[in-house]
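What follows is the residue order along each chain.
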Amino acid sequence: MIVIIRFNLVAGYLTLFFNYIGLLVRDTKAAAAIVNFSFIDAVLSVIMFLLIIPLIVLFKKKWTFLKNKLNFSFAFLIALCFIFLFTPIISNENPEFSKNLSVTKLLPPLSTVKLIQLKSNESGSISESEKFRQRMDKIIKLSYNDNIIFTDSVKLAGTVKYYQKHDVKEIILEEILTEDGLPVVKEKFFLLGTDEFGRDLFVRLIFGTRISIAIGFGAVILSLFIGIILGFTAGYRGGLPDIILNRFTETFLAFPVIYLVVLILALFGSSIFSVIIVLGISGWMSLFKIVKSEVLSIKQKDFFSTAELVGLRKSQLLLKEILPVIVAPVLVNMVFLFSNIVLAEAALSYLGLGIGNSYPSWGSMISSGQQYINRAWWLVAFPGLGLILTLFSVNSSGRMLGKIFNPRLNT
Amino acid sequence: MNSRILKILLKRLSSSLLTLFLLVSILFIIIRLSPGDPTDKYVSAKLGNELSEKIAEKFSLNQPVVDQYFSFLLNVIKGDLGISYNYRLPVFKVVWEYFSFTLVFASISFVLQITLSIAISLWIIKKQNKKLEKLISNSSLFVYSIPSFVLGVALIYLFSVSLNLFPISGLKSLDYENLSFFSKILNRLYHLVLPLVTLSAAGIAMFYKYIKESMDEVLHQAFIINLQASGVSEKVILRKHVMPNALRPLISVAGVELGLLMSGALITEVIFSLPGMGRLAIESVLSRDYPLIIACVFTAGAVIILANFFADIIKLKVDKRLIKGILN
């Protein structure tokens, strides 16, 4: 369905991509200078988007488990993953876009404003890479655009009069972009309203989802590595390494994690990577305990001693003999860890220690919304609701997974 | 028997001290690893190298790292972690002032969490209504999923902005000094209602799940069925046989939960701008007051280690079987 709605956009991204390849062949240096994060981002998600349709068709049989037990939390999680992967397709606006503050500031949800589009003054002879850049800017939106004016109302009579709160401004009719001889006056619709800088809350929410989930995945994978490697060493070796690692884990468990995270972020500075690393380091303790106890019990089993006698290396033992056995409890634990990390990231950005102001994040949206709480409830309500629903569906699917893997708990 | 208990106490104490020692060591490693020259935090680099060299010498920064480590340990033992940049006071003095509030605040919330969750699970068991049980179980998961800052801001919007029932922030009213002693306490409690709800909600949901599960487990055991068959009243069974058995595992959980409580208190103090240690830590982070941050982290860690130590002792007191387990 989204293919149909966003067909223009997908086609736009694709032509842009092919244009870019053309440019790359002819003028490599200029092409390398143009590339930025949002361009790669857009191209990658379009490619993934086009790939996923044949994938779904091909592996139709494997997806049947989705049909059986599709309840609210699973559906919500799938929607979240979708948003995470295809952010540039779902919303083609820049989350930082703000213009004409007097009109767009703190609009309530479901409000509309008029939008006038001006003609862009394209200069004549420009180089090929310049031309490409202009075309790119048309499709991938920047955080500022001179040619868009938001107004409360517009009057077309010889000249164009437009009203912005108490201001009245006039421009000539020729400046406005025309379509079929008629001047373009569109309506801009803000589904969830705008924030104090006139930025679209819906777009920011979607981009914030992506950041939260990316950090969650990154940190979970990091703690998975730490937990499995340390747990395997402690369980397999026993003796002194076991004692040392146990004490180490106890220390980490006794640590007030949020204070530790705050200290590290304060000393080392906060960026997306430092947040991922810090949250990953602070969450591996439960995985360590699970892996260690499982390894201890597997060590007694016959198949494991056979594998040892055959002469497998330690990494092979871990990958081929232990991982398949412990995958169920580890998976359940990872799901809960994921929800903890998403919560911790939101809490950090609420406290002003998150990934900074260059990306929208749920936590920082809530903390800036708190200042406008008596005028604009939607600034807190929507990111808060998104956070609650995310955590709830992750937690309840974790509980469900636990029941599937461990039927004894099902009382 | 007495010497055995003393032995256990010593064992526990030494392991707690070892953990504390590891905590201090990790703190030292983190501080040393942090980027930037330590002298930059005292004098600007523009003032020339001579001054910063002087400072490095005075703080014995040019000595080997191992020597620095030992002097750091010695200072921690002496209770000297430096002087706060903002307050111009020894950091522990500042931390103590704020910590006392956090201690009271967190303790009230802790008591609230335990009593309310026990009360709810007892009520559910007495009702024996499957639908209600499922509803409460699902809604407890939902409440557990609400981040404290979302709940706090929502409560502020509902009760302070819309209904104007409770104050938005702060700890006392403007006319606080003129009140009598009794109404002073009432005034403080009145200001603490929303923060306490914010801090306790997730904890109540979590404890409810633990207590309910362990009560269910105990209820299905043979001796309870035996008691029921002998005609002992349900009330007596619940109070005398189910409760003590079900609450035993709670003690060790409670020790771990204290860590969560500390971080929850940090966020709640920021939301309602209460004068606690959490807000002090965040403020000192934002104003780059390094000695104060380190003191806050150290205090919080020490409190949790201490709480776990006491939880272990209480557990031993309650469950005599554990004593044998540790000694062997």
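Read on for a plain summary of the structure. Per chain, the residues get numbers from 1 upward, laid out in the order the sequence is written. Following the order in which they are written, the chains are lettered starting with A and the ligands numbered starting with 1. Side-chain atom pairs in this predicted model are given and counted only at pLDDT of 80 or more, local residue features only at pLDDT of at least 70, and totals for whole chains, interfaces and linings cover all residues.

1. Some words on the overall build of chain A
Note on conventions: DSSP H or I runs of at least 4 residues are helices, E runs of at least 2 residues are strands, and numbering of each starts at the N terminus. Helix and strand counts for chain A come out as 18 helices and eight strands. Relative to its full complement of 411 residues, chain A shows a buried share of 36%. Pairs at least 24 residues apart make up 76% of the contacts formed inside chain A by residues separated by at least 6 positions. Think of it as a crowd count around each C-beta: if 20 or more other C-beta atoms lie within 10 Å the residue is buried, if 12 or fewer it is exposed, and in between it is partly exposed, with C-beta placed from the backbone throughout. Our contact criterion uses C-beta atoms placed from the backbone: two residues qualify when those atoms are within 7 Å.

2. A look at the overall build of chain B
In terms of helices and strands, chain B carries twelve helices and zero strands. Along chain B, helices (α) and strands (β) appear in the sequence α-α-α-α-α-α-α-α-α-α-α-α when read from the amino end. Counting all 328 residues of chain B, 29% fall into the buried class.

3. Quick notes on the sheet that holds strand β2 (residues 148–151) of chain A
Residues and elements named next belong to chain A. Strands qualify as paired when DSSP identifies two bridges or more between them. The strand order across the open sheet formed by three strands is β2-β1-β8, and the pairing between neighbours is antiparallel. The open sheet has two free edges, formed respectively by β2 and β8 (185–190), since each of these has just one partner strand. Sheet twist, expressed as the mean angle between neighbouring strand axes with direction ignored, is 35°. As paired strands, strand β1 (residues 111–117) and β8 are joined by six bridges and run antiparallel to one another. Bridge pairing links Leu115 to Lys186 in β8. To obtain an axis, a line is fitted to C-alpha atoms, over the contacting stretch when the element is a helix, and the angle between two such axes runs from 0 to 180 degrees between their N-to-C directions.

4. Describing helix α3 (residues 65–78) of chain B
Residue and element names in this part refer to chain B. Helix span, as expected, comes to 1.5 Å for every residue beyond the first. The terminal C-alpha atoms of α3 lie 20 Å apart, and with 14 residues this matches the ideal 20 Å at 1.5 Å per residue to within 8%. Judged by how many residues are buried, α3 sits mostly at the surface: zero of 14 residues are covered. Following α3 by one or two positions, Gly79 adopts a phi angle in the positive range, close to 80°.

5. Quick look at the pairing of strand β5 (residues 167–172) of chain A
Burial analysis of β5 of chain A places just zero of its six residues in the buried class, a small minority of the element. Joining the antiparallel neighbours strand β4 (residues 159–164) of chain A and β5 of chain A is a turn of two residues, in which Lys165 of chain A adopts a positive phi near 50°.

6. Focus on the environment of Thr104 of chain A
Residue and element names in this part refer to chain A. Relative to the assigned elements, Thr104 resides in helix α8 (residues 101–104). A count of 23 C-beta atoms within 10 Å places Thr104 in the buried class. Along the primary structure Thr104 and Gly311 are separated by 207 residues, whereas in three dimensions their C-alpha atoms are 69 Å apart. Excluding residues that lie within four positions of it along the chain, Thr104 makes contacts with Lys99, Val113, Phe150, Thr194 and Gly198.

7. Quick notes on helix α14 (residues 285–299) of chain A
Residue and element names in this part refer to chain A. Across its 15 residues, α14 extends 21 Å between first and last C-alpha, which sits within 8% of the 21 Å expected from 1.5 Å per residue. Among the residues of α14, those classed as buried are Met285, Leu287, Phe288, Val291, Lys292 and Val295. Relative to the axis of α14, the buried residues are bounded by an arc of 145° and lie together on one face. Directions are taken from the helix axis to each C-beta atom, and the arc is the one they span.

8. Section: the nonpolar core
Throughout this description, the term nonpolar core refers to a group of buried Ala, Val, Leu, Ile, Met, Phe, Trp, Tyr and Cys residues whose C-beta atoms join them within 7 Å. Formed by 137 residues in total, the largest nonpolar core has its most connected members in Val262 of chain A together with Ala281, Ile293, Cys296 and Val297 of chain B. Of the residues forming this core, the biggest block, 17 residues, is contributed by helix α16 (residues 314–350) of chain A. Excluding its chain neighbours within four sequence positions, the residues that come into contact with Ile293 of chain B are Leu263 and Ala266 of chain A together with Ala281, Ser284 and Val285 of chain B. By size, the runner-up hydrophobic cluster in this structure holds eight residues, among which are Val113, Ile149, Tyr162 and Ile176 of chain A.

9. A closer look at the interface of chain A and chain B
Facing 38 residues of chain A, the contacting portion of chain B comprises 40 residues. Those elements giving two or more residues to the side of chain A that touches chain B turn out to be α11 (239–254), α12 (257–268), α16, α17 (362–370) and α18 (378–405) of chain A. Per-element tally for the side of chain A that touches chain B: the top contributor is α12 of chain A, with ten residues. Polar here means any residue other than Ala, Val, Leu, Ile, Met, Phe, Trp, Tyr, Cys and Pro, which are nonpolar, and Asp, Glu, Lys and Arg, which are charged; Gly is therefore polar. When its residues are assigned to classes, the side of chain A that touches chain B shows 28 nonpolar, eight polar and two charged.

10. With respect to unusual backbone geometry
All names here are of chain B. One non-glycine residue, Arg88, adopts positive backbone phi at about 55°. By the element assignment, Arg88 lies in the loop between α3 and α4 (91–127). When the 8 C-beta atoms within 10 Å are taken as the criterion, Arg88 is described as exposed. In this structure, Ser273 is a non-glycine residue whose phi angle is positive, near 35°. Relative to the elements of secondary structure, Ser273 occurs in the loop between α9 (234–271) and α10 (277–286). Exposure remark for Ser273: the 12 C-beta atoms within 10 Å place this residue in the exposed category.

11. Remarks on the packing of α18 of chain A against helix α5 (residues 130–145) of chain B
Relative orientation of the contacting elements α18 of chain A and α5 of chain B amounts to 130°, with a least axis distance of 8 Å. Relative to α5 of chain B, α18 of chain A is oriented oblique. Considering the relative orientation of α18 of chain A and α5 of chain B, their crossing is right-handed. Within the contact between the two elements, α18 of chain A uses Ile388, Leu391, Phe392, Asn395 and Ser396 of chain A and α5 of chain B uses Leu141, Phe142, Tyr144 and Ser145 of chain B. Residue composition of the contact of α18 of chain A with α5 of chain B, by class: six nonpolar, three polar and no charged. Any angle between 65 and 115 degrees counts as roughly perpendicular, while under 35 counts as roughly parallel, over 145 as roughly antiparallel, and the rest as oblique. Note on convention: near helix rotated counterclockwise from far helix by under a right angle means a left-handed crossing. Clockwise means right-handed.

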